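# Structural description and commentary
The residues making up each chain are set out below.
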Amino acid sequence: MALLNLISAIILILLGMRYLRKGLDRLFGNQLVEWLQETAKNRYKAFFSGIVAGLISPSSSAIAVLSVQILNQSALTAGRMLAVVLGANVGLTVIVQLITFDLQDFAGAFIVAGGIGFLFLQRAIFRGTGQILLGLGLVFLAMSIIGNTGKLAATSQDMKALFSIVEHYPWLVFVSTGLLALVLQSSTACIGLGIGLAKGGLVTGATLLPWVLGANLGIGLTMMIAGWASIEGRRLALASILLKTFFALLILLAGSQFASYLMTSLPGGIDRNAANLNTLFNLVIGLCALPALSPISRGLAYLIPSQSLEEQDEPGIFLDPLLLQTPSLALSQAVREESRILDHLRLMLRTVWAVCTNNNRDVKNKVEDLYGRVVAIQAELKDYLEQIADENLSDEDINWRFNLLDYSQELVIVATLIKRDLADAAVPYARVTKDLRAEDAGELENIVNRTLERIHKATVLLMAQDVRMANRFIQEKEEISDRYRAIRRRHLEHLGPGQKPDTSFFDLMNCFRRINTHLTSVAYAIVRSADGNSDNHAVGADPDEASLSSDEAGLHKKRLAPV
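Since we're looking at a predicted model, the values are computed, not measured.

Let us now look at the overall build of the protein chain. Secondary structure summary: the protein chain contains 23 helices and zero strands in total. Taking all 563 residues of the protein chain together, 55% fall into the buried category. Taking the intrachain contacts of the protein chain between residues at least 6 apart in sequence as the baseline, contacts between residues at least 24 apart amount to 81%.

Two numbers describe how helix α8 (residues 170-184) lies on helix α11 (residues 231-253): the axes approach to 11 Å, and their chain directions differ by 155°. Our classification of the angle between α8 and α11 gives roughly antiparallel. Here α8 and α11 pass one another in a crossing that is right-handed. Contacts from Pro170, Trp171 and Phe174 of α8 reach α11 at Ala248, Leu249, Leu252 and Leu253. Grouping the constituent residues of the contact of α8 with α11 by class yields seven nonpolar, no polar and no charged.

Take the packing of aromatic side chains next. Taken as a whole and assessed by the stated rule, the structure comprises one aromatic pair. For the ring pair Phe246 and Phe247, a centre distance of 5.4 Å and an interplane angle of 90° mean the geometry is edge-to-face. Among the residues examined, Phe247 registers a relative accessible area of 17% and is labelled buried. The positively charged end of Lys419 is found above the aromatic ring belonging to Tyr371, 5.0 Å away from the centroid. The lysine or arginine in question, Arg454, covers the ring of Phe473, its NZ or CZ lying 4.0 Å from the ring centre.

A surface patch of nonpolar side chains, amounting to about 440 Å² of accessible area, comprises Val112, Ile116, Leu119 and Phe120. Inspection of the secondary structure puts Leu119 in helix α5 (residues 107-120).

This paragraph deals with the environment of Gly178. Of note, Gly178 is situated in helix α8. For the pair Gly178 and Asn216, spaced 38 residues apart in sequence, the C-alpha to C-alpha distance is 7.0 Å.

Attention now goes to the nonpolar core. Counting 78 residues, the largest nonpolar core has Leu82, Ile146, Leu197, Leu208, Leu209 and Leu213 as its most contacted members. Leu324, Leu417, Leu422 and Ile455 belong to the second largest nonpolar core, which has 61 residues in total.

What follows covers the packing of helix α4 (residues 78-99) against helix α9 (residues 187-199). One can describe the packing of α4 onto α9 by two numbers: an axis separation of 10 Å at closest approach and a directional angle of 25°. For the element pair α4 / α9, the angle class is roughly parallel. α9 is crossed by α4, and the crossing has right-handed handedness. Contact with α4, carried on its side by Leu92, Ile95, Val96 and Ile99, involves Thr188, Ile191, Gly192 and Ile195 of α9 and no other residues of that element. Split by residue class, the contact of α4 with α9 holds six nonpolar, two polar and no charged.

Under the counting rule described, the total for this entry stands at 11 salt bridges. A salt bridge links Arg450 to Glu479, with the nearest nitrogen and oxygen atoms 2.8 Å apart. One end of the pair, Arg450, is in helix α19 (residues 438-464); the other, Glu479, is in helix α20 (residues 467-493), with 29 residues separating them in the sequence. Between Lys457 and Glu453 there is a salt bridge whose closest N-O contact spans 3.4 Å. A residue pair is termed a helical-turn pair when its members lie 3 or 4 positions apart in one helix, as Lys457 and Glu453 do in helix α19 at four residues. Residue classification places Lys457 among the partly exposed positions, given a relative accessible area of 26%. In this structure Glu453 comes out as partly exposed when scored by relative accessible area, which is 41%. The network of salt bridges with shared partners includes Arg450, Glu453, Arg454, Lys457, Arg472, Glu476 and Glu479.

Time to look at α19. With 27 residues, α19 ought to run about 39 Å at 1.5 Å a step, and its terminal C-alpha atoms sit 39 Å apart, in line with that. Positive phi appears at Gln465, one or two residues downstream of α19, with a value of about 55°.

What follows concerns the confidence of the model for the protein chain. For the protein chain, the mean per-residue pLDDT works out to 76, and 75% of the residues sit at or above 70. The secondary-structure element of the protein chain with the lowest mean pLDDT is helix α23 (residues 550-554), recorded at 40, while helix α13 (residues 270-289) shows the highest, at 88. Contacts from residues 308-315, a stretch scored under 50 in pLDDT, to residues over four places away or in other chains number five contacts. Residue range residues 535-563 is modelled with pLDDT below 50. Its contacts to residues more than four positions away, or to other chains, number 76 contacts.

Rules used throughout
Residues numbered from 1 in each chain as written. Predicted model: local features only at pLDDT ≥ 70, side-chain atom pairs only at ≥ 80, totals over all residues. Heavy atoms only, no water. Helix = DSSP H or I, 4+ residues; strand = E, 2+ residues; numbered from the N terminus. Buried < 20%, exposed > 50% of the residue type's maximum accessible area, 1.4 Å probe, protein only. Contact = heavy atoms within 4.5 Å. Axes fitted to C-alpha atoms, helices over the stretch in contact; angles between N-to-C directions. Parallel < 35°, antiparallel > 145°, perpendicular 65-115°, else oblique. Left-handed = near helix turned anticlockwise from the far one by under 90°. Nonpolar A, V, L, I, M, F, W, Y, C, P; charged D, E, K, R; others polar. Phe/Tyr/Trp six-rings, centres within 6.5 Å; stacked < 30°, edge-to-face > 60°. Lys NZ or Arg CZ within 6 Å of the ring centre and 35° of its normal. Patch = residues over 30% accessible without salt bridge, like charges linked within 9 Å, V, L, I, M, F, W, Y side chains within 5 Å. Areas by Shrake-Rupley, 256 points an atom, 1.4 Å probe, with all protein chains shown as cover. Salt bridge = Lys/Arg side-chain N within 4 Å of Asp/Glu carboxyl O. Core = buried A, V, L, I, M, F, W, Y, C linked by side-chain atoms within 4.5 Å. Expected span 1.5 Å × (residues − 1). pLDDT = per-residue confidence, 0-100.

Structure follows, in structure tokens:
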């Protein structure tokens, strides 16, 4: 029965931490990633911003995945991002400090107040505050259960004998709690369990010290799993593991007398001692490592060397399921994947244009491969976005999630246009384009370069979600459409009697115009959201033509047959 109560208490802590994290994320999460990226340029600002991030997102797994995500989508190095992680580790200790206060008797009040705010109020600020209070209430309730269970277990001679034996094996406790924190995906839950058992009289200070140190190691192990796919992610995780292990070993190697002194010299009871040790441990690591970030970065580069271009493989799809627990981070991760689709589209277009200009047939397989990657990323992205429940999102985030999903389908249509309408006919067009007039060839070259530029701008627009940038993006699309109509009119006006228009040239121009139309759909979505129009109609609505659906794109017939 005692074991069942402990398991239920652990589940309550995890559930409470999840509600707490999502409530804070609902209030602050949208700006967190951008703010961290900006402040990470200075090591001391990065450390302070990391402390704030640990408070806003009080989850070791969320911080680990967030740090790796920022590394993957920015130019920051692991050494610079390490300052954020060190600060976040300090921020995470605040929740442990909070659960050491005797607030268990008020758990019911927190749950009732939080439940009312989260379940019955509609505004995001009230629902977010309700989730925070509800999460704290569940954590306090869990701590009460653990404390009572510990007291009950302490009356059992067998349990007392077991933990008295464990007390003599601090290394076993250190490793075991590190693995437990990794399994629970929460160092706070792991430390909270130890504190609860200590307050119940089952765990002594000599056991609680390696327990706290091992739980901190679990954060680094979580980060290693999250960042294994990238070089900088591995470096960041390795730095975190080595720093925590080094300082933990210094304490453990000092022996049991030093451990007892450390636990008794800190103010308060055994629970406060553990919380203070947790905070002090992470604060000392941060203050010692900050001045040494440069040599640490060089050491990481030596231990995990960079790969040459030939050694680098195409990265997989970085949609980490751990981020689904923090909706704003999950949406940010989805934006990153969508930007990868745009990168593939730009490379597809460059490849096809090389065929048109150089009559190079060897790149056809590359286009097919890039198209397959676009389709695969879009499919994974669709499944990922659909796993984010509406109840965990604000109205703005719900609309943005829909826009991301719809835009990914628009980008698949763009890939289809490039692969089917351009790539399949590229070699025949290479012959036709050689016979174009210099004026027409120049127009074609101009629209290709402009389309490549706009694919890059679409990537920036996805990240920034800036309304003025979106309006400018729409204006550029309209300029391209107007230019196409002007060229077509000029061409028709100069036709002599019996002459036919160059349909190949205009089919090419029209294809690029349509590509730009589909690229612009995200700009329409951003502008509509700013205007307060959240109707979920197709984001690709264009005054010139209706947007193809992804199914229609799959059946889209080749219209660009050479003359």
